[in-house]
Amino acid sequence: MKFWIGVAATVALAAGLALSGTNEYFFYAGYVVLQFVVLATAWNILGGYAGYVNFGTAAFFGIGAYTAVVLFKAVGAPLGVQILAAACASGLLGFGTGLLTLRLRGIFFSIATVAVIFIMHTAIVNWRYVGGATGVQLLRPPAMPLFDSYTRMLFVVMAVLAVAGVCIARYIEVSWIGRGLRAIRDSEEAAECSGVPTLKLKLFACTVSGALMGAAGAPLPMYMSFLEPASSFDLNYSVSALAMPMIGGTSHWLGPVIGAILLGSVQQIVTVTISNEINVLVVGVLLVVFVVAAPDGVLGLLRKLKWLHRSSR
Amino acid sequence: MLFGILVGCFYAAVSVGLSVAFGLLDVPHVAHPALMVLGSYCTYLLGRYGWDPIVAGIALTPLFFLLGVAIYRFYYETFEKRGSDAGVRGLAFFFGLAFIIEVGLILVFGVDQRMVEADYIGKSLSLGGYRIPWRLLVAFGVALLLTAALTLYLSRTFTGRAIKAVAQDEPALRLMGANPVRIKQWAFGIATAVTALAGAMLIVVGPVEPSLDRVYIGRTFCVVVLAGLGSMTGTLLAGLILGVSESIVLTLFGASWAPAVAFGLLLVVLGIRPQGLFGR
Amino acid sequence: MAPPLLQITGVSKHFGGFAALSEVSLEVAPGERFGLIGPNGSGKTTLINCVSGALRNESGSIVFDGAEISRLPAYQRTRRGIARSFQIPRPFKTMSVLENLVVPLEYVAHRRTLHTADTWDEAMAILRQMGMAEKADSPSNLLSQVELRKLELARAMAARPRLLISDEAMAGLAGNEVDEVLKILFDLNATGITIIMIEHIMQAVMRFSQRVICLDAGRIICEGAPAEIVKNPDVQKAYLGA
């Protein structure tokens, strides 16, 4: 119950902010942070619950963005349709990648996901219709009547996606599916012998996770009014999506959210005040520090301090 | 075609280190290519003081050996020993490490391409109508020597055989009174030392930029997986296969498709024959 | 005579050039207490890996309850009624003891119904049966050896098996702990569950089993009542070395 009140409050807050007179830059940056909430949450469904490390966030994200571009260019599809189609395309990509490599040990899956980024990147670079390597310029349609600017509308859209992603992740986590995924992470053989269809479950997680990443990428072309392969298939998305749950804590849906908000905000501040390179360095260093020193992330630290009780679910 | 063979040998040489670290020691070393690029930049630095890249590469090996020992020691203490979730967190650790190295290089050297100077760079050997750049030949020669030396080392010396044994049966080795951790540490050191030399060749073959490690994640893992984990002769052959396929794609479809070759080949191998061509 | 619950015919398995199992055939009757012995590396664990689905046999057939199962994935075999414990305990270490049992209950017994309260009650009942009720909420990575072994059996039981394969559930336990585990297995058998026991502790297998098969180098070298097996010269040779 508490959770659903939180959900309603978050959506209301996002909409309220967007309709109020807050500084435009807030939405510009907030959009990026929320986008990372979706990516981190999506990553955690497979990586955190089932223990399969996905390095390919950038591929799923990029394919989502390009699906949106194609639909927009071809038939002028509305944003909602773009997002749905992007989720389907990236979900399908997740299913395919999973089918090919989820039978193998985790490391092979991880390497394969890096491969998917480069293959998709190369394919898009060689596809003239979407602008090839130079990218494609897009003209934003007018924002919906209630909103002052398109960025504000996208901010609310991304907030809704983030909330939806968290709801999906939380449902998976507390249901039998999540218990099966955790069983896989703890011991795949024992899980299989306890009747858990491990391959099917992993494929499911990989598909859902990919679909969410795709959905997160779909509004990107509209956000930037422009899209090019180098920045949309950037490996930085992959590290961030992996670092955020690791920093927040992978065992609880709240972990990726905390990680994304913390790291995402720091990134925004560092990018503006110092430079983009330092920003990536911060992510890398924090990732290594947390992985080594605080394996259960911020949530684990909080739990140790007894701030958070086990009943928080 | 000939070009493919030369480059293929080079690919094999840049992958042997990973073949030891990942294939034999089972360490998910995704930072291997980043270390290699680091080696290239160290070579570049020494090159500014007039060092020949190959000499610089060799001079760097002891340093990289120590670096490798340190990395393994750290990895062992924090992940392997505790055993909990080593897979996920170990991978994240190396991925993070790769990024730190890459960004560190960007901060120090900038994103521009760097190259070295030596007598054999820029000149070509004419051979029956073909022009073969000397730099490729040099890299080819060093690559062959390096792979051969490592193969001999692993099969002929006591430590070499111990490294192979540790991959197959750790408890047995412990019973024989050898310390598996020290052997692994040593092996990882060697793998990293070899990487320094590979990095030196990388900058001989062509200009280097900090983000070059990303493409080489695909090339090195492709070679190691295709070879069958830990097989040295397999590594050489797999490198050749990759080099030749890349040059074929390059001539048929153009340069813009080339980066995908290694990754595509890798996916195909994983999907069809994950134990590799020469796997157990 | 009732048809066998498990019928293995001509099963072989190779690892590279090494024949781990060659042409093994055996039958286990419903309700039987069946012992499988043999020296280290004789193929016992390979055989039950083939039965439980962790490995695929290369030739031969494995028929369970009248149906060929040797091509089914492991989880489907578990759903048909074959459960096993692991020689080296593999608890779901991030879960509580009780939750460990909920996994098989949710994925096998209560698959179609989603009455979670029932599921947790049943898990608790199984723990009580094993004498582990007071450990229900403790994290499973803090258990002692004997508790881990019991958890293995309890989790296998939660899959509501008709055939339970106990893979060295007593290795490394003290005498009174062995008796404790034996009693649990006897009790389970009394409720009609067929049990295959793989064990190194001779005394325990001999006390428990109605019939014993001895494997050596991937072949069955003899089969019979416990008393006959101990006297068999081949068995003595296999164990003591020739």
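Relevant structure appears above.
Here the structure is a predicted model, which means the values were calculated and not measured.

*Asks:* Any chance you could break down the side chain of Glu152 of chain C for me, citing the residues and the numbers?
*Replies:* All names here are of chain C. Tracing the backbone through its elements, the reader meets Glu152 in helix 5 (residues 145-157). There is a polar contact of 3.3 Å between the side chain of Glu152 and the side chain of Arg155. Among residues more than four places away in sequence, those in contact with Glu152 are Ser85, Phe86, Pro89, Arg90 and Pro91.

*Asks:* I'd love a proper account of the packing of aromatic side chains, names of residues and values included.
*Replies:* Under the counting rule described, the total for this entry stands at 34 aromatic pairs over all chains. Measuring from centroid to centroid gives 5.9 Å for Phe26 of chain A and Phe155 of chain A, while their planes differ by 55 degrees, and the two rings are tilted. Of this pair, Phe26 of chain A sits in helix 2 (residues 24-47) while Phe155 of chain A is found in helix 6 (residues 150-174), placing the two residues 129 residues apart along the sequence. Residue Phe26 of chain A is classed as partly exposed on the basis of its relative accessible area of 37%. With a relative accessible area of 6%, Phe155 of chain A lands in the buried category. Here the aromatic rings of Tyr11 of chain B and Tyr216 of chain B are separated by 6.2 Å at their centres, their planes lie at 75 degrees, and the arrangement is edge-to-face. One end of the pair, Tyr11 of chain B, is in helix 1 (residues 2-24); the other, Tyr216 of chain B, is in helix 9 (residues 212-227), with 205 residues separating them in the sequence. Relative accessible area serves as the criterion here: at 4%, Tyr11 of chain B is assigned to the buried category.

*Asks:* Outline a nonpolar patch on the surface, supporting the account with residue identities and numerical values.
*Replies:* Taken together, the side chains of Ile248, Leu252, Phe253 and Trp257 of chain B make up a nonpolar region of the molecular surface, amounting to roughly 430 Å² of accessible area. Residue placement: Ile248 of chain B occurs in helix 10 (residues 232-253).

*Asks:* Outline the interface of chain A and chain C, supporting the account with residue identities and numerical values.
*Replies:* Listed by partner, the interface residues are 20 residues for chain A and 24 residues for chain C. Interface of chain A and chain C: buried area, both sides summed, is about 2000 Å²; carbon and sulfur atoms make up 55% of it. Among the residues of chain A in contact with chain C, Arg179, Asp186 and Cys193 of chain A are the three that bury the most area, contributing 32% of the side total. Along the contact surface separating chain A from chain C lie 4 salt bridges. Between Glu99 of chain C and Arg179 of chain A there is a salt bridge whose closest N-O contact spans 3.0 Å. Along the contact surface separating chain A from chain C lie 13 residue pairs in polar contact (both at pLDDT 80 or more). Elements represented by at least two residues in the side of chain A that touches chain C include exactly helix 7 (176-186), helix 8 (188-193) and helix 9 (198-217) of chain A. Ranked by residue count, the leading element in the side of chain A that touches chain C is helix 7 of chain A, at 8 residues. In the side of chain A that touches chain C, the residues fall into 9 nonpolar, 4 polar and 7 charged.

*Asks:* Tell me about the sheet that holds strand 5 (residues 67-68) of chain C, and name the residues and values.
*Replies:* The antiparallel open sheet is built from 4 strands, whose spatial order is 2-1-4-5 (chain C). Each end of this open sheet is capped by a strand with a single partner; those strands are strand 2 (18-28) and strand 5 of chain C.

*Asks:* Which residues make up the pattern of salt bridges, and what are the values?
*Replies:* Per the stated rule, a full pass over the model turns up 22 salt bridges over all chains. The network of salt bridges with shared partners includes Arg179 and Arg182 of chain A together with Glu99 and Glu106 of chain C.

*Asks:* Outline the packing of helix 3 (residues 97-109) of chain C against helix 5 of chain C, listing residues and values.
*Replies:* Residue and element names in this part refer to chain C. Between helix 3 and helix 5, whose axes approach to 8 Å, the crossing angle comes to 30 degrees. In this view, helix 3 runs roughly parallel relative to helix 5, as classed from their interaxial angle. Both helix 3 and helix 5 take part in a crossing whose hand is right-handed. Facing helix 3, whose interface residues are Val97, Asn100, Leu101 and Pro104, helix 5 presents Leu151, Ala154 and Arg155. Here the contact of helix 3 with helix 5 is built from residues that sort into 5 nonpolar, 1 polar and 1 charged.

*Asks:* So what about the environment of Arg170 of chain A? Which residues, and what values?
*Replies:* Tracing the sequence through the fold places Arg170 of chain A in helix 6. As for Arg170 of chain A and His252 of chain A, which are separated by 82 residues in sequence, their C-alpha atoms are 8.1 Å apart.

Criteria and thresholds
- Residues numbered from 1 in each chain as written.
- Chains lettered and ligands numbered in written order.
- Predicted model: local features only at pLDDT ≥ 70, side-chain atom pairs only at ≥ 80, totals over all residues.
- Heavy atoms only, no water.
- Helix = DSSP H or I, 4+ residues; strand = E, 2+ residues; numbered from the N terminus.
- Polar contact = N/O pair within 3.5 Å; in protein donor to acceptor, adjacent residues only side chain to side chain.
- Contact = heavy atoms within 4.5 Å.
- Phe/Tyr/Trp six-rings, centres within 6.5 Å; stacked < 30°, edge-to-face > 60°.
- Buried < 20%, exposed > 50% of the residue type's maximum accessible area, 1.4 Å probe, protein only.
- Patch = residues over 30% accessible without salt bridge, like charges linked within 9 Å, V, L, I, M, F, W, Y side chains within 5 Å.
- Areas by Shrake-Rupley, 256 points an atom, 1.4 Å probe, with all protein chains shown as cover.
- Salt bridge = Lys/Arg side-chain N within 4 Å of Asp/Glu carboxyl O.
- Buried area = accessible area lost by both parts, 1.4 Å probe.
- Nonpolar A, V, L, I, M, F, W, Y, C, P; charged D, E, K, R; others polar.
- Pairing = 2+ DSSP bridges.
- Axes fitted to C-alpha atoms, helices over the stretch in contact; angles between N-to-C directions.
- Parallel < 35°, antiparallel > 145°, perpendicular 65-115°, else oblique.
- Left-handed = near helix turned anticlockwise from the far one by under 90°.

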